[in-house]
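# Reading the structure
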Amino acid sequence: MPATLPGKSPAMTVMPEDAPAVETARPNAATAPGRRISIAGVARGVWRARWFISLRAFATFICLWALLAAWVSSPLQLPSPAKVFDAMVGLAAKGELLSQTLISASRLGVALMVATVIAVPLGFAMALNRELNTYLDPIVELLRPISGIAWIPLGLFIFGVGGTLPVFIMAYVAFFPLLLNTIDGVREIDRKLLAASRTMGITRRAQMVHVMVPAALPSVMVGFRIAFASAWAAIIAAELIGSPSGLGFSIEWYRQLLMSPKVFSFIVLIGVVGYLSDVVLRTVQRKLTPWADGMGIDQ
Amino acid sequence: MSMNVNVRATGGIPNWAKALTLPIILLVIWQAWAMTLPETSPAPAPLKVVQSFAELTASGELIWATIQSLGRVLAGFAIAMVAGLSLGVLMGSSRIVRENLDPIVESFRPIAPMAILPIAILWFGTGTPAALTIVAYAAFFPLLINTIHGVSRVDRQLIRAAQTMGLSRLRTVLVVIVPAAIPSVLLGSRLAMGVAWTAIIAAELAVGAKSGGGTSGGVGQMMFVFYAYSIDLNGIVVCMIVVGVIALLIDRLFRLVEHKLLPWRN
Amino acid sequence: MSVQMIHPKPAPKLRLKGVSKQFVAPRTGQRTLAVADFDLDVQPGEFICIVGPSGCGKSTMLNMIAGLEKSSSGTIEMDGKAISTPGADRGVMFQDYALFPWKTVRDNVGFGLRHGTAGAGMSAADQEDRINHFVEMVGLKGAENKFPHQLSGGMRQRVALARLLANGPDVLLMDEPLGALDAQTRLVLQVELLRIWGETSAKADRKTVIFITHGIDEAVFLADRVVVMSSHPGRVSAVLDVDIPRPRTEEVRLDPRFAELSEEIWSLIRDEAYRAIA
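Residues numbered from 1 in each chain as written. Chains lettered and ligands numbered in written order. Predicted model: local features only at pLDDT ≥ 70, side-chain atom pairs only at ≥ 80, totals over all residues.

The next subject is the overall build of chain C. Broken down by element type, chain C carries 8 helices and 10 strands. Radius of gyration (C-alpha) of chain C: 19 Å, near the 19 Å computed for a compact globule of 278 residues. Over its C-alpha atoms, taken along the principal directions, chain C stretches across nearly 65 × 50 × 40 Å. Per-residue burial for chain C yields a buried fraction of 43% across its 278 residues. Within chain C, contacts between residues separated by at least 24 positions form 71% of all contacts whose residues are at least 6 apart in sequence. (Helix = DSSP H or I, 4+ residues; strand = E, 2+ residues; numbered from the N terminus. Rg over C-alpha atoms; globule rule 2.2 N^0.38 Å. Buried ≥ 20, exposed ≤ 12 C-beta atoms within 10 Å, placed from the backbone. Contact = placed C-beta atoms within 7 Å.)

Structure (structure tokens):
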């Protein structure tokens with residue numbers, strides 16, 4: 001172990017654990033010595049690849065669906081995959097898939113914005129101020145068990161059938177995970193970080209902006225993902241019952257018209273949009289808070 | 001080290017009194033506002049809500065509706081448990097099965113339970129079976145996910161210990177893995193019951209709306225009737241409170257079971 | 001007869017007199033005396049190590065000097081002025097480094113300059129230069145844009161040290177900074193630490209250091225004087241001069257004087273240490 005002898009100029013001392021990690025290349029049959037790429041090797045690589053497994057799973061699922069549909073032979077209750085695909089193409093061509101998605105998505109966006117703007121600052125305030133927490137917490141804990149769905153009838157009375165009701169329900173549903181996770185995030189801030197910043201003579205305001213907010217951010221992000229998923233589920237119920245437009249409305253509308261393939265199309269769409277949104281959010285979470293590994297739902 | 005909020009009474013006013021302050025103030029404001037409205041206004045008021053609660057309880061309607069809803073929840077939960085646990089153990093213990101089924105499961109997860117309702121109605125008509133389908137669907141995922149989580153994270157050392165004692169793979173699963181996964185299953189059950197309760201209210205509300213009132217019964221359906229027919233907003237509020245109280249009770253009950261069975265978890 | 005030159009002793013950098021600390025448990029009201037009657041004068045440029053059994057109040061003492069905790073009685077003065085709040089003039093290095101996980105090495109090192117008082121009046125360019133200087137001094141050149149979670153323990157250690165030095169404090173307070181490292185890294189870093197501290201420069205150019213450690217040999221290796229504490233309540237049990245000359249190389253550990261001092265310190269702590277694990 002080299003130690004710098006006094007008298008020498010300060011040079012970089014290489015620590016044993018600081019040696020750059022050398023990625024040992026795994027011997028791959030596809031790139032055997034001699035650099036010959038064998039077809040068998042490539043095929044094996046594809047077979048094990050995640051995207052291929054997913055593809056194969058979906059293909060199997062669709063085949064089973066087609067078989068089941070043929071066996072049940074009730075096009076109203078279980079349309080064949082082919083019919084659903086046709087309906088989807090038709091709806092897409094008319095632009096209906098996109099328009100309904102945009103309607104629902106924009107409502108979701110507004111609701112999440114409202115919820116975030118209220119819940120996150122409130123969460124900080126409640127976590128940092130014990131008095132405020134003592135007064136407000138009971139209200140939060142009283143309202144939380146009353147699910148957003150239960151507010152629909154009353155909401156219908158206040159807002160009537162339309163776009164406002166889903167937004168209200170979603171904002172309500174999104175509020176609680178955001179608030180609770182923010183409070184949690186602020187409470188769990190490593191005290192040593194705060195102490196360290198104080199020993200550097202930081203002002204309270206700067207400490208808030210440069211230490212507290214980043215430190216609580218991972219928890220807030222997790223809360224946001226939960227809020228998003230909950231709101232996306234709630235919008236279906238809200239639109240199904242009390243809205244003349246949107247994805248939830250569409251599935252109910254076409255059911256009443258007994259057009260099952262279109263019903264299924266929209267259900268598939270709901271799933272796809274929900275899945276993609278979570279992927280996007282997970283990426284955002286990773287980019288914004290790269291240091292918080294091993295946190296959050298399903299990582 | 002975390003910044004724990006040290007709840008301690010400061011300067012005389014006990015904490016419980018502070019806790020009640022805001023709710024009481026809000027109730028008083030609400031009542032005062034309601035009293036400024038004409039007598040015939042349908043707007044809900046705290047005192048009227050209490051009155052409605054007394055009436056509904058006395059007539060037995062409220063209790064009967066709650067029992068109906070809870071019954072459906074339990075039935076749906078039972079179905080979800082059978083499906084979720086068996087599939088969960090399978091997927092949790094076999095990487096191949098998990099890899100192949102995971103894409104399907106993950107695709108259905110973003111599809112909210114209520115989105116399945118139209119299909120359920122197409123299959124079973126507007127009634128209890130449709131509502132049960134929604135509840136079972138809703139409860140299925142938390143149970144499945146948590147069971148997979150519990151089974152797959154069993155300490156490898158325990159499994160190795162069983163193998164060195166000559167247990168077959170099947171026996172290992174039954175005798176080592178399943179018991180070790182119980183904490184996760186309990187957690188999944190608590191979450192599942194929570195969403196199941198929300199789902200039944202939503203389902204009953206929607207089914208009630210679609211069947212024009214109908215006779216399906218349950219708290220959700222009662223809420224719809226109060227909305228669309230008797231225009232009884234106070235009744236709606238009573239139902240909302242019941243929904244909240246039951247949700248709280250379910251959660252506390254499950255936490256109690258968890259605490260008793262697993263005293264080492266905080 | 002030689003004429004004795006009387007050099008007036010420089011005023012102590014830190015003066016602790018009769019310092020005690022009593023903790024009151026929030027719920028039960030139970031009182032614990034963590035530190036009692038702590039007296040110590042620290043000269044400018046001195047390297048002081050504080051050793052003692054677990055729970056003897058070493059960290060509490062350090063927190064009080066740092067201003068992170070208030071003493072229950074007694075006075076703590078730096079340059080003749082009483083200390084009550086934390087400040088950049090007394091830099092602290094924590095045991096688990098307390099690096100901001102969302103900031104790169106460079107931003108961590110520059111934190112005190114940008115957001116604290118240490119960088120007041122400095123232009124951005126000067127701050128950059130200062131950051132680069134200290135990053136290089138601790139041997140982390142090339143890793144400036146990495147995040148703490150991408151670094152090894154030893155590297156994080158050095159980031160914390162660079163951050164501490166960049167703020168230019170008069171007094172360096174270190175709470176078991178090498179405690180979380182493996183034994184080999186620790187040995188190497190001890191030598192590094194002395195080098196960076198400026199063992200080879202004149203005493204007037206060195207910073208005052210108060211270094212808390214569990215390791216007796218570490219204390220003897222690093223310090224000018226070793227303060228031995230006893231526990232329950234924590235107080236000064238003895239102050240030993242480490243009369244081993246500087247600069248100290250690894251061979252110092254083989255010096256008989258080294259073993260003597262270590263044994264002396266251990267004999268003071270031994271009984272309590274055994275009792276602690278009973």
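Because an α-helix packs 3.6 residues into every turn, residues spaced three or four apart end up facing the same way. Residue and element names in this part refer to chain B. Its 13 residues place the ends of helix α2 (residues 46-58) 18 Å apart at the C-alpha level, agreeing with the 18 Å of an ideal helix rising 1.5 Å per residue. If you check which residues of α2 are buried, you get Val49, Ser52 and Leu56. Buried residues in α2, looked at end-on, bunch into an arc of 60°, giving them a common side. Structural note: α2 exposes Ala54 and Ala58 on the side pointing more than 90 degrees away from its buried face. Residues of α2 that are buried sit in contact with α3 (61-93) and α11 (233-261). Phi turns positive, to about 85°, at Gly60, one or two residues after α2. (Expected span 1.5 Å × (residues − 1). Arc of directions from axis to C-beta.)

Across the boundary between the two partners, chain A contributes 48 residues, which contact 48 residues of chain B. Counting residues per element, the ones that place at least two in the side of chain A that touches chain B are α2 (50-72), α5 (130-143), α6 (152-159), α8 (191-199), α9 (204-242), α10 (247-256) and α11 (260-288) of chain A.

Next up on the list: the domain arrangement of chain C. All names here are of chain C. According to the domain assignment, chain C contains domain 1 (14-89 + 170-276) and domain 2 (99-169). Centre-to-centre, using C-alpha coordinates, domain 1 lies 25 Å away from domain 2. On the side of domain 2, 13 residues touch domain 1, which itself brings 11 residues to the contact. Along the lines of polarity and charge, the residues of the side of domain 1 that touches domain 2 split into 8 nonpolar, 1 polar and 2 charged. (Domains from an automatic or database assignment. Nonpolar A, V, L, I, M, F, W, Y, C, P; charged D, E, K, R; others polar.)

The next thing to look at is the interface of chain A and chain C. The partner chain C presents 40 residues to the 27 residues of chain A that form the contact. If you list the elements that add at least two residues to the side of chain A that touches chain C, you get α8 and α9 of chain A. The leading source of residues in the side of chain A that touches chain C is α8 of chain A, at 6 residues. Taken together, the residues of the side of chain A that touches chain C sort by class into 18 nonpolar, 5 polar and 4 charged.

Residue and element names in this part refer to chain A. End to end, helix α3 (residues 81-94) covers 20 Å across 14 residues, agreeing with the expected 20 Å (1.5 Å per residue, within 8%). Looking only at α3, the buried set comprises Val84, Ala87 and Leu91. Within α3, the buried residues cover an arc of 60° as seen down the axis, which keeps them to one side. Exposed residues pointing more than 90 degrees away from the buried face of α3 are listed as Ala82, Val89 and Ala93. Downstream of α3 by one or two residues, Gly95 has phi in the positive range, about 80°.

The next subject is the sheet that holds strand β4 (residues 73-78) of chain C. Judged by pairing direction, the sheet is antiparallel, and its 4 strands sit side by side in the order β2-β1-β4-β5 (chain C) without closing on themselves. Each edge of the open sheet is held by one strand with a lone partner, namely β2 (31-42) and β5 (81-82) of chain C. (Pairing = 2+ DSSP bridges.)

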